[in-house]
Amino acid sequence: MGALVMRVACAWLLLLQLAGASHVVYKNLEMEAATMANVPPSIVDPRLRTGYHFQPPKNWINAPMYYNGWYHFFYQYNPKGATWDNIVWAHSVSRDLINWQALETALEPSIPADKYGCWSGSATTLLDGTPVIMYTGVNRPDVNFEVQNVAYPRDASDPLLREWVKPDHNPIIVPEPDINATQFRDPTTAWLSSDGQWRLLVGSAAEGGARGAAYVYRSRDFRRWRRVPRPLHSAATGMWECPDFYPVEAGFAAGLDASALAAASGGPKVRHVLKNSLDLRRYDYYTVGTYDEEAERYVPEDPAGDEHHLRYDYGNFYASKTFYDPAKKRRVLWGWANESDAHAHDVAKGWAGIQAIPRKVWLDFGGKQVLQWPVEEVEALRHQPPVTVKDTVIKPGQHVEVTGLQQTAQADVEVSFVLSSLDGAETLEPEFAHDAERLCGVKGADVQGGVGPFGLWVLASADMQERTAVFFRVFKAAGSSRPVVLMCTDPTRSSLNPDLYLPTFAGFVDTELSDGKISLRTLIDRSVVESFGAGGKTCILSRVYPSLAIDMNARLYVFNNGKADVKVSRLSAWEMKKPLMNGV
């Protein structure tokens, strides 16, 4: 019987710290901090706190695992403030990935091997059903000398896993002399291979830090580990943090348990996804490829993917982890979204960072990329019935307000567009062929195009001074009539507050538009805009901080700033309820 695989959040540098899954608002603290930091009052407006995205009442936050009927979320947390320091592992549990209850701290510095920090890691369930956490510890005060440790539940019969103990044989992995000990962290979930040995990856760097590397370690007893001489894979990208490695099958929406798959010898259609968080760029990149267990090598099908090709999300999204959910036989992805404003604003607000909505991930039929979609449980938060718009043509330069919801600052919107013609699509200049983000910066929502931009204006004020655009724009490839679809989130007009960080985020969408149809789903949550294009082929999460379009003052529009008609075949919009959360 294959081992039940689980994952724990990765985010030692991500400052993912959390006091509890509560939405309690500390108004006095926030306003006092705002005065001290001399920041715009709306930055700390409690109405900008997320309503249904996982966020702490204060301080920093970071991914779940499944055990005996409960989803467990361990995350790095600084109980002393909204800065990165004093890191411990906080712990919350849920039955449905949406409603969370905060528990006692799971791990905190207590042994020589983690005296100066309990950083990120993952968890695995052993063959006897015992869950074990492996995490990075820092054991020297003068340098971030990183070692790998383990912890076990004091009582494995407790489904809430309230207490964890660290055995005396820690650390169980130390960096060899040829590894930079300050770039050696974030062990993955282990998997049991067909030869009966456990394997896991540790993120690192090679060639003086120029190449990212995922080193393989093997063990028969989960106590003594030996490194495979060469990395599973490496690339000239700089340090790899938070590696993730898991099997997928083209067109197979159900998830695969890595250990169970190895026991069953896999299959010819099975591929693997290797994801790394690039320390230099602060984005998550992944490749799809072939894993040779005997040779201990992974070969991506698109070698260029290591440097600039596939990302889970083209916005504020980092240090993601997946886990196999045996209850629903799916693989679930969690990622962290940092704040987009200044450090002083984080201190003023008293919190920093949120979790993206958990996403189901699977490999598309072509085997080229993973698809992502919000877990079905989030739909339980929808107020019924939805507001709907059907068969409505949006003329060039026109925008149409979606009315009928009490408020749209906290909403879920699904819309299907039909394009009248692709004839007027602009030619994509070669310099932008691999730089969607720069293309979006030049061809933003307010720049008229041939086919598009068209999409949604969310968190818009009544006078339209503030609005965040989520849109598509269609180009033609140079020397070809093949359509190239850009998906973009443009927050440059999202707030009247000065000095905010307002980057445009964008990615290309792998679709031929053969039927002229394309879909968009956007989760709006006060200061979060999380969007899924073309059924989850391209995803963008953005943080925005409006000063006018807050709470009941936010509005929702469909817009078309192209020269061709665009029809909304169907739009459904739901106001979203807050989850039930218990915490400090």
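Notes on the structure follow. (Residues numbered from 1 in each chain as written. Predicted model: local features only at pLDDT ≥ 70, side-chain atom pairs only at ≥ 80, totals over all residues. Heavy atoms only, no water.)

**Looking at the side chain of arginine 227**
Counted only if it meets this: Helical segments are the DSSP runs of H or I of at least four residues, strand segments are the runs of E of at least two, and each set is numbered from the N terminus. For the purposes of these results, a polar contact is taken to be a pair of N or O atoms within 3.5 Å, where, inside protein, one atom must be able to donate a hydrogen and its partner to accept one; residues adjacent in sequence count only when each atom of the pair is a side-chain atom.
The residue arginine 227 is located in strand 15 (residues 226-227) in this model. In this structure the side chain of arginine 227 is engaged in a polar contact, spanning 3.3 Å, whose partner is the backbone oxygen of proline 229.

**Some words on the pattern of salt bridges**
To be explicit about the condition: Whenever Lys or Arg places a side-chain nitrogen within 4 Å of a carboxyl oxygen from Asp or Glu, that contact is recorded as a salt bridge. Accessible area is worked out with a 1.4 Å probe on protein chains only. A residue is then buried under 20% of its type maximum, exposed over 50%, and partly exposed in between.
This model, assessed by the stated rule, comprises 36 salt bridges. Note that arginine 224 is salt-bridged to aspartate 221, the shortest N-O span being 2.3 Å. Residue arginine 224 is classed as exposed on the basis of its relative accessible area of 59%. With a relative accessible area of 31%, aspartate 221 lands in the partly exposed category. Each of the salt bridges in this network shares a partner with another, and the network as a whole consists of Glu146, Arg185, Glu241, Asp279 and Arg282.

**Things to note about the environment of tryptophan 334**
Relative to the elements of secondary structure, tryptophan 334 occurs in strand 22 (residues 330-337). Accessibility expressed as a relative area gives 1% for tryptophan 334, which makes it buried.

**Looking at the state of the cysteines**
As used here, a disulfide is simply a covalent bond connecting the sulfur atoms of two cysteines. In plain terms, the rule: The disulfide definition used here is simple: a pair of cysteine sulfur atoms within 2.5 Å.
Counted according to the given criterion, the structure contains one disulfide. Linked covalently through their sulfurs, cysteine 440 and cysteine 488 form a disulfide whose S-S length is 1.5 Å. Taken together, the residues cysteine 440 in helix 5 (residues 436-442) and cysteine 488 in strand 33 (residues 483-490) connect sequence positions 48 residues apart. One exposure class covers both cysteine 440 and cysteine 488, and it is buried.

**Notes on the pairing of strand 8 (residues 131-138)**
To keep things clear, this is the line we draw: Only when DSSP finds a minimum of two bridges between them are two strands counted as paired.
Among the eight residues that make up strand 8, eight are buried, leaving the element largely enclosed by the rest of the structure. Neither face of strand 8 is exposed, since Pro131, Ile133, Tyr135 and Gly137 on one face and Val132, Met134, Thr136 and Val138 on the opposite face are all buried. In this sheet, strand 8 lies alongside strand 7 (residues 118-125) in antiparallel orientation, the contact comprising six bridges. What sits directly across from threonine 124, in strand 8, is valine 132. As consecutive antiparallel partners, strand 7 and strand 8 are separated by five residues, and within that stretch glycine 129 has a phi angle of approximately 95°, a positive value. Both strand 8 and strand 9 (residues 146-153) contribute to a ladder of six bridges, which runs antiparallel. By the bridge assignment for strand 9, isoleucine 133 is matched with alanine 151.

**A few points about the sheet that holds strand 5 (residues 88-94)**
The antiparallel open sheet is built from four strands, whose spatial order is 3-4-5-6. For this open sheet the edge positions go to strand 3 (64-67) and strand 6 (101-102), each flanked by a neighbour on one side alone. Where strand 3 lies against strand 4 (residues 70-77), four bridges are found, and the strand directions are antiparallel. Its bridge partner lying in strand 4, tyrosine 67 is registered against tryptophan 70.

**Quick word on the layout of surface pockets**
Heads up, the condition is: Definitions used for this entry: grid spacing 1 Å over protein atoms alone; cavity, a set of points where a 1.4 Å probe fits but cannot get out; pocket, an open set with protein on both sides within 12 Å along at least 5 of 7 lines; lining residue, one with an atom within 4 Å of a point. Grid points are joined across faces, edges and corners, and a volume is the space filled by probe spheres set on the points.
Reported here for the largest pocket is a volume of approximately 1000 Å³. Secondary structure elements with two or more residues in the lining of the largest pocket: strand 19 (283-292), helix 3 (305-308), strand 26 (370-374), helix 5, strand 33, strand 34 (505-509) and strand 37 (538-543).

**A closer look at the side chain of aspartate 525**
Quick note on the threshold: For this count, His and the chain ends are skipped, Lys and Arg are scored as positive, and Asp and Glu as negative. In this description, contact between two residues means that some pair of their heavy atoms is separated by no more than 4.5 Å.
Counting through the fold element by element, aspartate 525 comes out in strand 35 (residues 517-525). It turns out aspartate 525 is buried and unbridged, and the closest side chain with the opposite charge, arginine 526, is 4.6 Å from it. Of the polar contacts made by the side chain of aspartate 525, one reaches the backbone nitrogen of tyrosine 52; its length is 2.9 Å. Sequence-distant contacts of aspartate 525, defined by excluding residues within four places in its chain, comprise Thr50, Gly51, Tyr52, His53, Ala409 and Gln410.

**Quick word on the sheet that holds strand 35**
Two pairing modes exist for strands in a sheet, parallel and antiparallel, and in both the strands are linked by backbone hydrogen bonds. Rules: Lines fitted to the C-alpha atoms define the axes, with helices restricted to the stretch that makes contact. Angles between their N-to-C directions range from 0 to 180 degrees.
Taking strand neighbours across the sheet as the criterion, the six strands line up as 27-39-29-35-36-37 in an open arrangement whose pairing is antiparallel. A single partner strand is all that each edge strand has here, and the edge strands are strand 27 (387-394) and strand 37. Strand-to-strand twist across the sheet, computed as the mean angle between neighbouring axes with direction ignored, equals 15°. The pairing of strand 35 with strand 36 (residues 528-533) spans five bridges and is classified as antiparallel. The residue of strand 36 that forms the bridge with leucine 523 is glutamate 530.

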